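Spelled out from the first residue to the last, the chains are:
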Amino acid sequence: MSKAEMIVSALPQGVDGAIITSSHNRRYLTGFPSSAGTVLVTSQASYFLTDFRYIEAARRVVRDMECIEYKRQTEVLRELMQRHGLHTLAVEDEGLTRYEFMQLQSALDGVCLQGNILDNILKSLRLVKTRDELDKIRQAQELTDYGFEYILTRIKEGRTERDIALELEFAIRRQGAEAAAFEFIVVSGENSALPHGVPSDRELRRGDFVTMDFGAVVDGWHSDMTRTVAIGSCSDEQSTVYDTVLAAQRAALSSLRSGLGCVEGDAAARNVIESAGYRDCFGHGTGHGVGVEIHEGPRMSPLAGDERLREGSVVTVEPGIYLPGRFGVRIEDMVYITADGCVNLTKSPKELIVI
Ligand code: ZN
Ligand code: ZN
């Protein structure tokens, strides 16, 4: 079944099709990146509507859907509504502002647009990666592993966080990444206690921990990884914290399998950190799904409710300990969930490296 057919089969009775407008879901369904366009799926046919800037390239890439060029998108949509006799269509909630919803509703007079359906269908489809999607994510992670190996040869006392972040991104993109997966985090010394700190002009010094959180995009699919390394030397306390995070990360990795509760997956790491005495030093979830967005479902956190891991999901495992004003450590791998465990897609070493 194509993804469009899967969406149609998941729609409740009385809903004739769906309109997908957000850029990441459009790309998820078509494989084609564009800043404008709409996907229409129905039980009879599916369409990708876009404008003259994209139409020719789209026709080369998009499969299982007819590509239609529009000058006025709503005119083409109206024509398709009539052609297929569509009365009720599901629309995205997250991908459509209230203003856009009203515009669309008034342009498609006579068609009922329904929210509260499509986002969950798309989220649940995206939870399980196809073989082809997994290949792309694996390629993105290979570029990321390459970036780590490269940057290890370039990290030196006196260089700034910003400088390292730029060089890491350049290396990964030169090697073939379509883009950086997000704004890279390179934080050192006391800044490494900031889980999502921004690279600054701080120069690396002997005795610093440096945390690097980075990833690549291949054909729209993301990767995500974090490593912490030490500059010149490492105190006993630093090495205790590092070993605790590593033990927590390994505990979570060995607990993951299809069917495990996301709260339990999180707790596997959290328990190790808390019983080592760092209860209030791990303020974020243990992991998140990765796909056409850098953060997507499933979420492994104490707040995950009754969500369970599914075979075919790709999730990160990224516990950390952050000691405010002093230093922090995070270690993040990305894994693929299988029936009885998980396959680690991250190949970089994670024993502490002192440069
Ligand atoms: Zn990350
Ligand atoms: Zn992450």
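Keep in mind the model is a prediction, meaning the values are calculated, not measured.

**As for the domain arrangement of the chain**
Part 1: The domain boundaries assigned to the chain delineate domain 1 (3-126) and domain 2 (128-344).
Part 2: Inter-centroid distance (C-alpha atoms) of domain 1 to domain 2 is 35 Å.
Part 3: Between domain 1 and domain 2, the residue contacts involve 7 residues of the former and 11 residues of the latter.
Part 4: By the criterion of area lost to domain 2, the three top residues of domain 1 are His24, Arg27 and Arg126, representing 65% of everything that side buries.
Part 5: Linking domain 1 to domain 2 there are 4 salt bridges.
Part 6: As a salt-bridge pair, Glu178 and Arg27 come within 2.8 Å of each other at their nearest N and O atoms.
Part 7: Our count for the contact surface shared by domain 1 and domain 2 stands at 8 residue pairs in polar contact (both at pLDDT 80 or more).
Part 8: Counting residues per element, the ones that place at least two in the side of domain 1 that touches domain 2 are helix H2 (23-30) and helix H6 (118-127).
Part 9: For the side of domain 1 that touches domain 2, the class distribution of residues is 2 nonpolar, 2 polar and 3 charged.

**Looking at the environment of Thr88**
Part 1: Within the element layout of this structure, Thr88 appears in strand E5 (residues 88-91).
Part 2: Relative accessible area serves as the criterion here: at 13%, Thr88 is assigned to the buried category.
Part 3: The spatial distance from the C-alpha of Thr88 to the C-alpha of Ser46 is 15 Å, given a sequence separation of 42 residues.
Part 4: Excluding residues that lie within four positions of it along the chain, Thr88 makes contacts with Gly14, Val15, Asp16, Gly17, Cys112 and Gln114.

**Thoughts on the sheet that holds strand E8 (residues 185-188)**
Part 1: Reading across the sheet, the 3 strands line up as E8-E9-E12 and stay open at both edges, with antiparallel pairing between neighbours. Unpaired on one side and paired on the other, E8 and strand E12 (225-230) mark the two borders of the sheet. On average, each strand axis in the sheet is tilted by 10 degrees relative to the strand beside it, whichever way the strands run.
Part 2: When E8 meets strand E9 (residues 209-214), the two strands line up antiparallel, connected through 4 bridges. Bridge pairing links Ser188 to Val210 in E9.

**Observations regarding the coordination of the zinc ion (ligand 2)**
Part 1: Here the zinc ion (ligand 2) is held by the protein donor atoms Asp224 (OD), His288 (NE2), Glu318 (OE) and Glu332 (OE), which lie 2.1 to 2.2 Å from it.
Part 2: Its 4 donor atoms give the zinc ion (ligand 2) angles of 79 to 153 degrees at the centre, a pattern that matches the irregular case.
Part 3: In this structure, the zinc ion (ligand 2) is positioned 3.1 Å from the zinc ion (ligand 1), and both are ligated by Asp224. Residue Asp224 is found in the loop between strand E11 (221-222) and E12, and its partner Glu318 is found in the loop between strand E15 (314-317) and strand E16 (320-323); the two are separated by 94 residues along the sequence. No difference in accessibility class separates Asp224 from Glu318, as the two residues are buried.

Here is what the cut-offs are and how they apply
Residues numbered from 1 in each chain as written. Chains lettered and ligands numbered in written order. Predicted model: local features only at pLDDT ≥ 70, side-chain atom pairs only at ≥ 80, totals over all residues. Heavy atoms only, no water. Domains from an automatic or database assignment. Contact = heavy atoms within 4.5 Å. Buried area = accessible area lost by both parts, 1.4 Å probe. Salt bridge = Lys/Arg side-chain N within 4 Å of Asp/Glu carboxyl O. Polar contact = N/O pair within 3.5 Å; in protein donor to acceptor, adjacent residues only side chain to side chain. Helix = DSSP H or I, 4+ residues; strand = E, 2+ residues; numbered from the N terminus. Nonpolar A, V, L, I, M, F, W, Y, C, P; charged D, E, K, R; others polar. Buried < 20%, exposed > 50% of the residue type's maximum accessible area, 1.4 Å probe, protein only. Pairing = 2+ DSSP bridges. Axes fitted to C-alpha atoms, helices over the stretch in contact; angles between N-to-C directions. Donors = N, O, S within 2.8 Å, 3.2 Å for Na, K, Ca; no water. Tetrahedral: all angles 85-135°; square planar, octahedral: opposite > 155°, others 65-115°.

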